[in-house]
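# Descriptive analysis of the structure
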Amino acid sequence: MIWVRCVFLTMFLVGTACAQEVIVYGAGGSRRGSESFLERAGQIDVIAPQSYGVDSLGNVSGAVPQRLIDEALATGTRLMPLIMNPGFNQAQIHGLLANPDGRRRTVEFMVKEGIEKGFWGWQFDFENIHRSRKDAFTTFFREAAEALHEAGMTASVAVVPTNDEAQEKGFSRYMQDNWRGNFDMAAIAEVGDFISLMTYAQHGGPTAPGPIAGLPWMKEMLDYALEQGVPPEKISLGLPFYSGYWHPDHFSNDTIRVRGREIGYALGTDLIEEHGVTMHWLPEQGVSYGFWQQNGVFRWLFLEDARAMEAKLSLFRAYPGLRGVSIWVLGAEDPRVWPLLKSGLN
């Protein structure tokens, strides 16, 4: 818990404010992500690999690579794996929520695995849950949190943010009913150690081109979480390392439509150079964007670089007392963000 960390620090730094926590997510054990972790481990408090999946019967699959366990131990970085419904499959998580034996089996695995591997904690990353299962999800997390706390581990949830507003039908209603409306944030924060408020993916695969995390939207989502009664010290603010790239594509089912993709900073700068893209800064959104014509149609890029990170850290600093930041995803970053993270948090 953060208060433990504060007490520990003040033993050595009397009168110094408690350092805010940097959580960085890892995906797939990529080579670039591993290199980035080893190079930057001194600036990462918690590494959170997306390593485990569970089905509707409570059968857990996956593992944290031993290499990462060893590296985290060697660098003094706390290890907090994610557990998720694979592919964010709705039927599987609905089945698990309705299955007491499956939930028990899942929690027992988490406790046993965490003790054996020396995990600092676990984070729930269950997404695409219908809002009618909100209470069932809270019950599941409460069961896990109680068992993990008894075993000396932390328990948290990656929360898809919301302001609880949507049209009667259409895209916003679908998102609210299936992705954003299923988290009782106050109840989760009460029984758990914190929430990672995923204030990114504002725009993505199913949307028109737009900011990954526009400043007004981030502020709106954070304000709503606070209004729901989540204490600021239990909110880790989500930040993106990745950028967004939209282009037309031909899919395997013989359909043609726009694809919105997560890409890393390196690919983003390659696209800018290859196509001679002029980037435009949007100060109110805190991001640069550009577009270019290729084979007769426009392609769009919203680039998360050091300038965009500084804008988001300015928003973060406007909310004293937040626990820290949770950043998706390691290896996708502009290398220049690391000094900003070091100086931008208390």
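See the structure above.
Residues numbered from 1 in each chain as written. Predicted model: local features only at pLDDT ≥ 70, side-chain atom pairs only at ≥ 80, totals over all residues. Heavy atoms only, no water.

A few words on the pattern of salt bridges. Applying the stated criterion across every chain, the model contains 17 salt bridges. We note a salt bridge from Arg-104 to Asp-101, for which the minimum N-O separation is 3.8 Å. Here Arg-104 pairs with Asp-101, and both are found in helix 5 (residues 100-117), just three residues apart, close to one helical turn. A salt bridge links Asp-249 to Arg-259; the shortest N-O distance between them is 2.6 Å. Pair noted here: Asp-249 is in strand 10 (residues 243-250) and Arg-259 is in strand 11 (residues 256-263), with a separation of ten residues, a long-range link. (Salt bridge = Lys/Arg side-chain N within 4 Å of Asp/Glu carboxyl O. Helix = DSSP H or I, 4+ residues; strand = E, 2+ residues; numbered from the N terminus.)

Turning our eyes to something else, we now look at unusual backbone geometry. Cis rather than trans, the peptide bond between Trp-328 and Val-329 has omega equal to 5°. As for its placement among the helices and strands, Val-329 is situated in the loop between strand 15 (324-328) and helix 12 (337-344). Positioned with a positive phi, Phe-88 is a non-glycine residue whose angle comes to about 50°. Structurally, Phe-88 is set in the loop between strand 5 (82-84) and helix 4 (90-97). For Ala-201, which is not glycine, the phi dihedral falls at a positive 60°.

Here helix 12 has its buried residues at Val-337, Trp-338, Leu-340, Leu-341 and Gly-344. For helix 12, the angular spread of the buried residues around the axis is 160°, confining them to a single face. Within helix 12, the exposed residues directed more than 90 degrees away from the buried face are Pro-339, Lys-342 and Ser-343. (Buried < 20%, exposed > 50% of the residue type's maximum accessible area, 1.4 Å probe, protein only. Arc of directions from axis to C-beta.)

Further remarks concern the packing of aromatic side chains. Applying the stated rule across the entire model yields 22 aromatic pairs. Arranged with centres 5.9 Å apart and planes meeting at 50°, the rings of Tyr-25 and Trp-328 form a pair that is tilted. Here Trp-328 lies in strand 15 and Tyr-25 lies in strand 1 (residues 21-26), a separation of 303 residues in the sequence. The same class applies to Tyr-25 as to Trp-328, namely buried. Ring-pair connections join several aromatic residues into one group, and the members of that group are Phe-124, Phe-126, Phe-137, Phe-140, Phe-141 and Phe-183. Across the ring face of Trp-120, the terminal group of Arg-78 is positioned such that the distance to the ring centre comes to 4.7 Å. (Phe/Tyr/Trp six-rings, centres within 6.5 Å; stacked < 30°, edge-to-face > 60°. Lys NZ or Arg CZ within 6 Å of the ring centre and 35° of its normal.)

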